[in-house]
Amino acid sequence: VKGVEVDGQPAKVARAGDSVEVSVSGIDSAAVYPGAVLCHPEYPAPLVTRFEARVVVLDVSVPLLRGAAITLHAHTAREAGTLSALVSVLNAKTGEPTKMKPRCLTKGQTALVE
């Protein structure tokens, strides 16, 4: 790492949530893109193939079912995925489950999915 800037100012440390620009050497610039994870080569970030996420269903024309192809948007990253499980519908205000293992998710619902 040649240099780190947080919000346009030189910095020695950046934390989760900071807007960071990193200057690096010895890495192909095509391998680094917005949303990528930069870590020490001896301590790589763990990879997963499944995870649980709290989601809000936006404007969908048909209900979301288990097995549906989806696009995950997280900050600047955008990845294709599959809904492998509908865990629960959540109360949007409290986050408490209101229905376990729903058959589908519709517009405006908040849910826990895998």
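Description of the structure in this document. (Residues numbered from 1 in each chain as written. Predicted model: local features only at pLDDT ≥ 70, side-chain atom pairs only at ≥ 80, totals over all residues. Heavy atoms only, no water.)

### Points about the nonpolar core
Condition: Residues belong to one nonpolar core when they are buried, are Ala, Val, Leu, Ile, Met, Phe, Trp, Tyr or Cys, and are joined through side-chain atoms within 4.5 Å. Per-residue accessibility, obtained with a 1.4 Å probe over protein chains only, is compared with the maximum for each type, and a residue is labelled buried under 20%, exposed over 50%, and partly exposed between these values. Only DSSP runs of H or I reaching four residues or more are called helices, and only runs of E reaching two or more are called strands; each is numbered from the N terminus. Every residue pair with non-hydrogen atoms within 4.5 Å of one another is taken to be in contact.
The biggest cluster of nonpolar side chains holds 9 residues, and these are Val57, Leu64, Ala68, Leu83, Leu86, Val89, Leu105, Ala111 and Val113. Going through the elements one at a time, β7 (86-90) and β9 (110-113) are the ones with two or more residues in this core. Not counting residues up to four positions away in its chain, the partners in contact with Val113 are Phe51, Glu52, Ala53, Val55, Leu83, Ala85, Leu86, Val87 and Leu105.

### As for the sheet that holds strand β2 (residues 9-10)
Just so we agree on the cut-off: DSSP calls a pair of strands paired once it identifies at least 2 bridges connecting them.
A sheet is described by the order of its strands in space; here 3 strands give the open sequence β2-β1-β3, paired in antiparallel fashion. Every other strand in the sheet has two partners, leaving β2 and β3 (20-23) as the edge strands with one partner each. Bridge count between strand β1 (residues 3-6) and β3: 4 bridges; the pairing is antiparallel. Residue Val4 lies in a different strand from β3, and its bridge partner there is Val22.

### Looking at the pattern of salt bridges
The following threshold applies: Salt bridges, as used here, are contacts in which a Lys or Arg side-chain nitrogen is within 4 Å of a carboxyl oxygen on Asp or Glu.
In this structure the tally under the stated criterion is 2 salt bridges. The salt bridge partner of Asp59 is Lys107, with a shortest N-O separation of 3.6 Å. Of the two residues, Asp59 sits in the loop between β4 (53-56) and β5 (69-74) while Lys107 sits in the loop between β8 (97-100) and β9, which places them 48 residues apart along the sequence. Classification of Asp59 as exposed rests on a relative accessible area of 65%.

### Section: the layout of surface pockets
Rolling a probe over the atoms, with the probe sized like a water molecule, indicates the empty space that remains. Rule in force here: Any residue with an atom within 4 Å of a point lines the site, the site being either a cavity, points on a 1 Å grid over the protein atoms alone where a 1.4 Å probe fits but cannot get out, or a pocket, an open set with protein on both sides within 12 Å along at least 5 of 7 lines. Grid points are joined across faces, edges and corners, and a volume is the space filled by probe spheres set on the points. Ten residue types, Ala, Val, Leu, Ile, Met, Phe, Trp, Tyr, Cys and Pro, are classed as nonpolar, four, Asp, Glu, Lys and Arg, as charged, and the remainder, Gly among them, as polar.
In this structure, the largest pocket spans a volume of roughly 1,300 Å³. For the lining of the largest pocket, the secondary-structure elements that each account for two or more residues are β3, β5 and β6 (77-82). Of the residues contributing to the lining of the largest pocket, the split by class is 23 nonpolar, 5 polar and 5 charged. The volume enclosed by the second largest pocket comes to roughly 800 Å³. Residue lining of the second largest pocket: 25 residues in total, with Val55, Ile70, Thr71, Leu72 and Leu83 positioned closest to the centre.

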